[in-house]
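Remarks on the overall topology
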Amino acid sequence: MKKKIFSMFILISALVSLISCGTYIEEKSFNAMGTVITVQLYEKSKGAFEGVKDIFSLYSQLTSSHRRNEVDENSPYYNLNNIYVINENRKVGPIEVREELIELLELSIGLNEETNGYFNIGLGEVTAVWKTLAHNYLVVPKEAYVAALDSLSTYTTPDLNKVIINKENNTVYLDDDKMLLDLGAIAKGYATQLAYDYLKEEKGIKRFKINAGSSSIAIGLPPKGKSIKTYIKDDNSIGEKYLYKDGMLGYIVGGNKHIATSGSAQQSVNVYDDEGYYTKIHHLVSPFTLEPVNTFYKVTLVGDDSILLDVYTTAVFLMTDEDAISFLEEHDIGYILYLFDYSIVTNLSEEDFVQYEIVGEIKWQKKSPKFWET
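Residues numbered from 1 in each chain as written. Predicted model: local features only at pLDDT ≥ 70, side-chain atom pairs only at ≥ 80, totals over all residues. Heavy atoms only, no water.

Here Glu 125 lies in helix α5 (residues 124-136). A distance of 2.7 Å separates the side chain of Glu 125 from the side chain of Arg 90, its partner in a polar contact. Once you skip the residues sitting within four places of it in the chain, Glu 125 turns out to touch Arg 90, Tyr 155, Asp 177, Lys 178 and Leu 180. (Helix = DSSP H or I, 4+ residues; strand = E, 2+ residues; numbered from the N terminus. Polar contact = N/O pair within 3.5 Å; in protein donor to acceptor, adjacent residues only side chain to side chain. Contact = heavy atoms within 4.5 Å.)

The structure is reproduced here in C-alpha cells:
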C-alpha cells in the first residue's frame, strides 16, 4: 500500500511541477519519432497534452522509414501506410497514403530546390551505409571505409522527380530501385510546428515549451515572472572532462522562438588513414559526394518556423562554412555554428546568446574533411 501511495505521489509531482508565487508549470513526456518529447505548459488548459501527443503519434507513424508501425495496435493510426511501406514497394507499385503525408512529401521536395539541393529526402539507402559502419565499429578500419565507398560507386545524387505523387488518388510511387525515402531531417520540426500552432491557435495557450528530443524546440512565452534558457551542449565535453564551461557552448535566452539543432555526435565513429589523419563517420551525408561531411560539429539555428529550421540545420551542416553563413544571412536566420576546429561562429547578440568559454585543453588531432584517394 505504501508503495502505491509513493508511486502516485511521484506521478502527481511529475505532472504538476509547481504552483507557487504565481508560477504554474505542468510537464509531461512521451516517446515518439525515436526520442522523448517533453511538453511544458505554463498556464492551465484541458486536453492540451493529449492534442500534442496525438500530433506526434500521427507523424511518427506516417514518417517512419524503419518499421511498419511506430504506434501500438490500440492507436487509431496503427497500420497507416507510411514511408516504410513506400520504400518496400519501390519499383513495384503506388501506395495509397494519408493526405497529410502527401503534403509533407510535396513540401520536402520543394525545399530541395530552396536549399540548393542540400536537403534531399532520397538519401535513405546511402545514409544506411554510413549508419551501419557507425553501428558496427568503435573505430572504422580503413578497409571498411573503402568498401563503403565502393558500395556506393554506382549511386548518384537522388533524383526527386522519381518520387511520383498522384494527388487525385493519394498515392506515392518510388520509381528508383536505388532510392529510399527518409524524412528524418524534417519530421520532428514539422510535428513540432503543428503542435506549436495547435497550442497557440486552438487551445489559446501563450506560455509553453515543446522539446522534441532537443533537435527541435518551440517556445512560447516563459512562465510568469520567470525567464527561459535553452542550453546548447558541447559534444566534445565527455563526462566531467569539459572543453567548454560546464560542457555547454552556452545558452539561448528568452521565448517566442524556435530552435533547431543538427550534429554529428550521435551514431558517429572515427576512421584514420595511414598517416593518422581522421574523419568522422555519421548520418549527415552530402547528396553530392554521398559521404559524411565534417565542416561542423553542430549547427543550431534560431527563427520563427520549426519546419524550416529543422530542414536548414541539415542543409547547412553539409555546406562549407562560407556557403552556410551566406545562406543563413540571406534567409535571415539566427545561427550558432560549432566548427570542426572547436570555434564558434554566431550572429546572435550577447543578449540573445550567452556563449561560454573554453576551459579545457584542446588536443589537436590530424583532421581532414577529405580522405585519401581510393
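Having seen the structure, we can now continue with the description.
Our next topic: the pairing of strand β13 (residues 269-272). Here 2 bridges tie strand β5 (residues 139-140) to β13, and the two strands are oriented parallel to one another. Within β13, the residue paired with Val 139 across the bridge is Asn 270. Direction of pairing for β13 relative to strand β14 (residues 278-281): antiparallel, over a ladder of 4 bridges. Looking at β14, one finds that Val 269 is bridged to Ile 281. (Pairing = 2+ DSSP bridges.)

Note that Ser 237 resides in the loop between β10 (229-233) and β11 (248-253). Only 2.6 Å separates the side chain of Ser 237 from the side chain of Asp 234, close enough to count as a polar contact. A distance of 2.8 Å separates the side chain of Ser 237 from the backbone nitrogen of Leu 243, its partner in a polar contact. Beyond its immediate chain neighbours, meaning those up to four positions away, Ser 237 contacts Tyr 242, Leu 243, Tyr 244 and Gly 247.

The antiparallel open sheet is built from 3 strands, whose spatial order is β4-β7-β6. The sheet is open, and its two edges are formed by β4 (95-96) and β6 (163-166), each paired on a single side. Two strands pair when backbone bridges link them, and β4 and strand β7 (residues 171-174) are joined in this way by 2 bridges, in the antiparallel orientation. Among the inter-strand pairings, Glu 96 is bridged to a residue of β7, identified as Thr 171. Against the sheet, helix α4 (residues 99-114) engages β6 and β7, with an angle of about 135° to β6. (Axes fitted to C-alpha atoms, helices over the stretch in contact; angles between N-to-C directions.)

One finds Phe 56, Tyr 59, Ile 86, Leu 105, Leu 181 and Leu 199 to be the most contacted residues of the largest nonpolar core, which totals 73 residues. Element by element, the count of residues in this core is highest for helix α2 (residues 48-63), at 8 residues. Aside from chain neighbours lying at most four places away, what touches Leu 199 is Leu 41, Ala 48, Val 52, Gly 204, Ile 205, Phe 208 and Ile 210. Grouped together as the second largest cluster of nonpolar side chains are 21 residues, Leu 243, Tyr 244, Val 302 and Ile 336 included. (Core = buried A, V, L, I, M, F, W, Y, C linked by side-chain atoms within 4.5 Å. Buried < 20%, exposed > 50% of the residue type's maximum accessible area, 1.4 Å probe, protein only.)

As for its position among the elements, Ser 214 is in the loop between β8 (208-212) and β9 (216-219). In sequence terms Ser 214 and Val 36 are 178 residues apart; their C-alpha atoms lie 9.0 Å from each other.

This next bit is on the packing of helix α7 (residues 187-202) against helix α8 (residues 306-317). The interhelical angle for the contact between α7 and α8, taken along N-to-C directions, is 165°, at an axis separation of 7 Å. As summarised for this structure, α7 and α8 are arranged roughly antiparallel, according to the angle between their axes. As for the relative orientation of α7 and α8, their crossing is right-handed in sense. Only Ser 306, Ile 307 and Asp 310 of α8 make contact with α7, whose side of the interface consists of Ala 187, Lys 188, Gly 189, Tyr 190, Thr 192 and Gln 193. Of the residues contributing to the contact of α7 with α8, the split by class is 3 nonpolar, 4 polar and 2 charged. (Parallel < 35°, antiparallel > 145°, perpendicular 65-115°, else oblique. Left-handed = near helix turned anticlockwise from the far one by under 90°. Nonpolar A, V, L, I, M, F, W, Y, C, P; charged D, E, K, R; others polar.)

With that settled, the discussion passes to the environment of Tyr 297. With respect to the helices and strands, the residue Tyr 297 is situated in strand β15 (residues 296-303). Given a relative accessible area of 4%, Tyr 297 falls into the buried group. Distance in space between the C-alpha atoms of Tyr 297 and Asp 341 is 8.9 Å, their sequence separation being 44 residues.

Residues Leu 138, Val 139 and Tyr 272 make up a contiguous nonpolar surface patch of roughly 330 Å² in combined accessible area. Of note, Val 139 is situated in strand β5. (Patch = residues over 30% accessible without salt bridge, like charges linked within 9 Å, V, L, I, M, F, W, Y side chains within 5 Å. Areas by Shrake-Rupley, 256 points an atom, 1.4 Å probe, with all protein chains shown as cover. Salt bridge = Lys/Arg side-chain N within 4 Å of Asp/Glu carboxyl O.)

Overall, the coordinates contain 8 salt bridges when judged by the stated rule. Lys 28 is paired through a salt bridge with Glu 50; the nearest N and O atoms lie 3.7 Å apart. Of this pair, Lys 28 sits in strand β2 (residues 23-32) while Glu 50 sits in helix α2, and the two are 22 residues apart along the sequence. The exposure class of Lys 28 is partly exposed, given its relative accessible area of 25%. Overall, Glu 50 belongs to the partly exposed group, its relative accessible area being 46%. For Glu 106, the salt bridge goes to Lys 167, with nearest N and O atoms at 3.6 Å. Of this pair, Glu 106 sits in helix α4 while Lys 167 sits in the loop between β6 and β7, placing them 61 residues apart in sequence. A relative accessible area of 53% means that Lys 167 is categorised as exposed. By sharing partners, the salt bridges in this structure join Lys 233, Asp 235 and Lys 298 into a single network.

Honestly, that's just the spatial picture; any functional story needs more than this.
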